[in-house]
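Listed below are the residues making up each chain.
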Amino acid sequence: VTRALRAAAWAIALAAVIDPGFDRSVAPPAIVGVRVATARPSAAADAVIQRLDEALRPRATVVRDVATDGPWCAGVDLCLVVGDGTATVSGPPGQPVHVVGLAPPAAAQLIAADVPARHQAELHEARVTVAGGRAGEVVEIVAEDDGVEVGRIAHTRTDRAIDEGIRLPWWPHRTGVRLLTVRLGDTPPAISATAPADTAAAPLDVLVWEARPSWTGTFVRRALEADPRLVVRAASQVAPRRVVARGVAGRPRDSDLNAARAVVVTGATALDAAGAERLARLASAGGAVVVALDGRPPAMLQTLLPGPLAAERRALDPVALGDRLRSAELVSFSRIPGDVVLASWADAPRGDDAVVVERRSGRGAIVVSGALDAWRWRDDEGGFDRFWQDVVVRAARASLPPLAATWEAAAGSPRVRVESREGAATGQWPALTVTARCGDATTAIDVVEGNLPGTWFAAPRGVVAGCTIAAAAGDAHVETTWPGEASLPLTAPAPDALATLARVSGGTQIDAGAAVEAVAALLAAQPPRPPVPIRWHPMRARWWFVPFVACLAVEWWRRRRFGRA
Amino acid sequence: MTDVRDQVAVRLAAEARARTVEDAARWTVCGAIGGVVLAVIASSAGGGGAARAIVVALSVATAAGVGLIRARRRWTPAAVAEALERRQSADNLVVTAEALSRVPTHSWQPAVASAAWSRLEGLAPPSHRGTWLRLGVAAMVAIVAAVVPWPVPAFEAVKSPASARPAAGAPSDHPITALSARVVPPAYLGGVPYDTAEATTLEIVGGSQVTLLAHTNDATVRISRDGTETTDVATAGGVASIELPSPAGGTWLIAPGSADDARGGRLLVIRVVDDAPPVVRVVTPGRDRRLARPLADLRVTIDARDDHALTDVRLRLTTVSGSGENLTFADREVRARIDRTAAGVWTAEAVLPLATLGLDDGDLVVYRGVAADARPGAPAVESDAFLVEVGPLRAASDAGGGGEDVDPEQRQAISQQMVIVKTERLHARTDLTPDARLAEAQGLAVEQRMVRAEFVFLMGGEVEDEEEEAAQAHDLVEGRLANQGQAALLGATRAMSRAEARLVAGDTVTALVAEREALRLLQQAFDRRRFLLRPVAERARIDPARRLEGTTPPGPSRPLPVTTAEREAGWDAVERAALALARAGGDSGLDLVAPAARVAVLESGDGRATAAAAALVRADNVAARAAALIEAQRVVHAAAARRLAVPMNGADDRPLSGAVADAVRRRRP
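Residues numbered from 1 in each chain as written. Chains lettered and ligands numbered in written order. Predicted model: local features only at pLDDT ≥ 70, side-chain atom pairs only at ≥ 80, totals over all residues. Heavy atoms only, no water.

Participant: What exactly am I supposed to notice about the overall build of chain B here?
Facilitator: Each helix and strand counted, chain B has 20 helices and 20 strands in total. Taken over 669 residues, chain B has a buried fraction of 42%. When the accessible area of chain B is evaluated, it comes to approximately 34,200 Å², of which 56% is carbon and sulfur surface. (Helix = DSSP H or I, 4+ residues; strand = E, 2+ residues; numbered from the N terminus. Buried < 20%, exposed > 50% of the residue type's maximum accessible area, 1.4 Å probe, protein only. Areas by Shrake-Rupley, 256 points an atom, 1.4 Å probe, with all protein chains shown as cover.)

Shown next as structure tokens:
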């Protein structure tokens, strides 16, 4: 026995030196990939994931927030999304997604805010999305800029899972790119989030083209000149060979029309067919054309009108066209699906009441006003001016800009959007150069510089101080400023986005209470993963030292016992 | 033995003095407590710190005096001896010794005195005596010291909750404890003053004098108007009398001069309501009349109303003779019988003596009611004018023998010729003082402006701003209004402008020249056509067929600059209010009077800002403070929105493709 023990010890020592290896096959544990889709950190989601991890071990390993360069969940055996409907997951999934639905949050949550850029002279508006809470609960939504409250509304929660597009008016406390703080309620703990806001949107370039002098043209032009949101250039054809112009060289050329966000035409009855066709082409290419009629339109203006005339009124007493405009002489148009009626004649025959109509045409729009003598009936409260200012600002903002680059701070992937009216009209993108610089003047970083491959490209994350983006094509040059990131998603998830994701990807919806059983069943239904051949080196484990020492010890004891040592 | 007797007497006398002092101390403490109560009552009635000190001192002194007198009468040696026997029995030896002391020859006196003295020596003084005295004196001193130097701060917590709130920084020790206002209406309204106390808003008639009385122990009171004009006013006897300048409208902040900010101050919003001119109208007949022959008089009823009081109502008439522009005007007034329903509600009846006016065919009588109130220097107010025209009637009306009503749309009243006649008449008058002449000329300027406005309207539009009109003049010259008639009419209106300007300055000579030039141009513009001076029946239309007929001037047009609009006025007030509320929201100890002043400035006429400011001042607990701040924030947001353009809904929508709309439109017939 003593010799056998000695031989065993020698054998172990020898094996440790040789380090032998053996091949064998092992079935690996399944990988369960989990993504959390909640607007705020959710304890309920954490609890579900922990329960799954404990219950499925060692058959499966739960991996949280699987991030891949391609489709997400591509390398896992089972893909789960744990969400409460207040957020969604972006990008295409690599396999069927099973959604573990959580109950919506008990307290109201702010989950998105979109703050479009506006001019400093106008009331701004944030679009806020709120989830959670109970139906009928009144939620105070407050906007703050640098600690100063600039907006507040009381919103009553509906019975929908998500109330999106809640309009929160706010006024610009400071000019420039601001980080607007939106919060719910006044008592701590306040739920707040930040969203970028540009309160210094550049004034819109508007061209007023008076084809012949008229009081309508004069008063509309004066109204627009009084609006700081607009920069008005004007050309008035006071005689066949005489043009009085502001900001343009003379009779407007195509380049003048294309450079404006909106073209306001008055005295249109003096237009010839070619002039009307130019304006129609401009609208079709993405521009905005506003026609303020002051007389019955001739047939050659048919291409600009929303349709044939439906009714005509000539009287001494005015009628109200909405709450801002009055007119004694007017023409109205029939309502056509797709048209937007901006002012209507209440006493008109049914369906023939559209007096100021916005008509979509191609990529742009044409607004036609049939209020022929509204200028005579201006009220003392400036309703006439405000109506025309709003109509032109609305049309100008909806038009495609000649060339513009804007930074959109979408959650997770800030990106630059470049728009070109010429590119949209012809389908041929001009050779554009886009430069973005983020940070202050001393630490500016060139993010992108080079030819633009398309309308979109991503920009890296990280710099939040503000970015200046410039896009140039030929003589055009556009600049805008925008923060790099927001801590709040700008786009709200659709209420049933997760259900749709499960359905279209071939997955299922799982109740949170039965998540463990359901996931176990799904794992059991999964085909077994093929065994993985692995090479086993037993001497690389530390445990070989135990029998080695034991053999030596017993061998020494026996020698002492029997008097050999 | 004599010594023993004296010792007993001395001991009783000392005991009597001690008890007298003790009683007096009790009375003094009671007096001090009563004085404090009286001081509180005096403070609620508006008394200052000095008054409270006097009340407390008198109360203490009176109580101490009464107590001393009563104690001295009470504590005689016999009373002291009885009290000692009651406290600890001495077998009646002390009383007996005291009684025998009044009979020095009594044989028992030495023995009794000796026995009594032995008992008195073993009698300990009351243990509470010194304590009572010390406590009484200390309490009295503490109460008096607490009341006299400082003006009862605990009471202020009731009067001014916002000011009494624990505040960070350096609040004033002397807040405004009471604020009252004395308003003296203008003399023409009687000038009877009236007082208001503790008001946060005050509505006064224009011209009133307002005097504020602010009660404080501070040496000065700082007042500011709308947060800008700040003045320090010294106090006298705890009251600062502040005479506000007239007009006193605005938001007044009255704060202690020693405060770092507005803590302890009061807010008063004064709104000035001007005395409105009377409203006068002709009730009957209330229409123009046309008569074939002016045989009967016309009874006219005039209704006049004023917000305070009327002083006169009359019927004024003008006869117009002649035709075309060769008209003769004659003014006169008719007294009316007045029925005064109230001081500001009068009904007058007058008779228009048509039969005695010598009217012929084609002549006119223009009449209107005239009412005046007591406003100094204010012109009388005229009603709408009505006509009585003498001339042939329609057949049916003529057969009826009376007159006929004239369509109100065909009225005519004022002409350029009438303005000239009135100016000539004024120029010829020598009985007027320079001020009266200037006032009359300015009245004619108003009429000239009315005539000009008629012609401007006749031309197709109005001119809101002469400077703007001048800036646009080249547009007109360069072809738009190049026909002779339009140009003459334009020249006439400009001449009227010059005449109006000279009349405003009282220069009737130069005004006459411009008026006659205007008349010449009018006659040139309208040729021989007779024009109606108020042609409201048919509004003139611009003849499109005559457009663009002017001669094109040589050379290029002048380039015009692109204009930029400016921001709405009043924005700074919004910014200041928002910042003040932000500070108040971040510091729960900050006084809300100053933010209230900022908010009150934003008042737009609906009273909401004033109410929000008052709520801020009244807020006396955390919940009320939070609610007031939220409402004030809403007021600020509304004020900001009023000063900003509000975009039309959907202004940010991205353009939708119009392809579908175009297809739908192409399918339609």
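So that's the structure; there's more coming.
Participant: Looking at this structure, how should I read the sheet that holds strand β2 (residues 30–37) of chain A?
Facilitator: By definition, the strands of a sheet pair up through backbone hydrogen bonds, in either a parallel or an antiparallel sense. All names here are of chain A. Judged by pairing direction, the sheet is parallel, and its five strands sit side by side in the order β3-β2-β4-β5-β30 without closing on themselves. What marks the edges here is a single partner per strand, and that holds for β3 (60–64) and β30 (509–511). For this sheet, the mean inter-axis angle between neighbouring strands, taken without regard to orientation, is 30 degrees. Pairing geometry for β2 and strand β4 (residues 78–83), over six bridges, is parallel. Along β4, the bridge assignment pairs A37 with G83. This element, helix α2 (residues 43–56), spans β2, β3, β4 and β5 (97–101) of the sheet and lies at about 155 degrees to β3. Packing of helix α9 (residues 515–525) onto the sheet brings it into contact with β2, β3, β4, β5 and β30, and relative to β30 it is tilted by some 140 degrees. (Pairing = 2+ DSSP bridges. Axes fitted to C-alpha atoms, helices over the stretch in contact; angles between N-to-C directions. Contact = heavy atoms within 4.5 Å.)

Participant: What is the right way to look at unusual backbone geometry in this model?
Facilitator: Backbone phi values are negative for most residues with the exception of glycine, while trans is the configuration of most peptide bonds. The omega angle of the peptide bond from A:R57 to A:P58 is 5 degrees, so this bond is cis rather than trans. Within the secondary structure, A:P58 is located in the loop between α2 and β3. A cis amide bond links B:T284 to the next residue, B:P285, at an omega of 0 degrees. Even without being a glycine, A:D19 presents a positive backbone phi close to 55 degrees. As for its placement among the helices and strands, A:D19 is situated in the loop between α1 (2–18) and β1 (22–26). For A:D146, which is not glycine, the phi torsion reads 55 degrees and is therefore positive. In this fold, A:D146 is placed in the loop between β8 (138–145) and β9 (148–156). The exposure class assigned to A:D146 is exposed, which follows from its relative accessible area of 62%.

Participant: Just to check I follow, could you spell out the sheet that holds strand β2 (residues 194–197) of chain B for this structure?
Facilitator: All names here are of chain B. Spatially, β2-β1-β4-β7 is the arrangement adopted by the four strands of the open sheet, whose pairing is antiparallel. Both outer strands of the open sheet, β2 and β7 (239–243), are each paired with one neighbouring strand and no more. The sheet shows a mean angle of 20 degrees between the axes of neighbouring strands, direction not considered. Where strand β1 (residues 178–184) and strand β4 (residues 209–215) come together, seven bridges link them in antiparallel fashion. Its bridge partner being in β4, V183 is matched across the sheet by V210.

Participant: For this particular structure, what's the right way to read the environment of A:E225?
Facilitator: Position of A:E225 relative to the elements: it lies in helix α3 (residues 215–225). Along the primary structure A:E225 and A:Q389 are separated by 164 residues, whereas in three dimensions their C-alpha atoms are 9.0 Å apart.

Participant: Please clarify how helix α5 (residues 109–121) of chain B should be interpreted in this entry.
Facilitator: Note: α-helices contain 3.6 residues per turn, so residues at a spacing of three or four share the same orientation. Residues and elements named next belong to chain B. Over its 13 residues, α5 runs 18 Å from end to end, which matches the ideal 18 Å to within 8%, given 1.5 Å per residue. Turning to α5, its buried residues are Q109, V112, A113, A116, W117 and L120. One side of α5 holds all its buried residues, which, seen down the axis, span an arc of 135 degrees. Seen from the open side of α5, the exposed residues pointing more than 90 degrees away from its buried face are A111 and E121. (Expected span 1.5 Å × (residues − 1). Arc of directions from axis to C-beta.)

Participant: I keep staring at the packing of aromatic side chains and nothing clicks. Help me out?
Facilitator: Two aromatic rings, taken as a pair, are described by how far apart their centres are and by the angle between their planes. Residues and elements named next belong to chain A. In the structure shown here, the tally under the stated rule is 10 aromatic pairs over all chains. Through a chain of ring-to-ring contacts, three or more aromatic side chains come together here, namely W215, F219 and W375. In this structure, R561 packs its charged tip against the face of F562, placed 5.6 Å from the ring centre. (Phe/Tyr/Trp six-rings, centres within 6.5 Å; stacked < 30°, edge-to-face > 60°. Lys NZ or Arg CZ within 6 Å of the ring centre and 35° of its normal.)

Participant: I would appreciate a short explanation of the environment of B:E85 in the present structure.
Facilitator: Residue and element names in this part refer to chain B. Along the chain, E85 falls in helix α3 (residues 77–87). Sequence separation between E85 and L120 is 35 residues; the distance between their C-alpha atoms is 10.0 Å. With residues up to four places along the chain from it excluded, the contact list for E85 reads A90, D91, N92, L93, V94 and V95.

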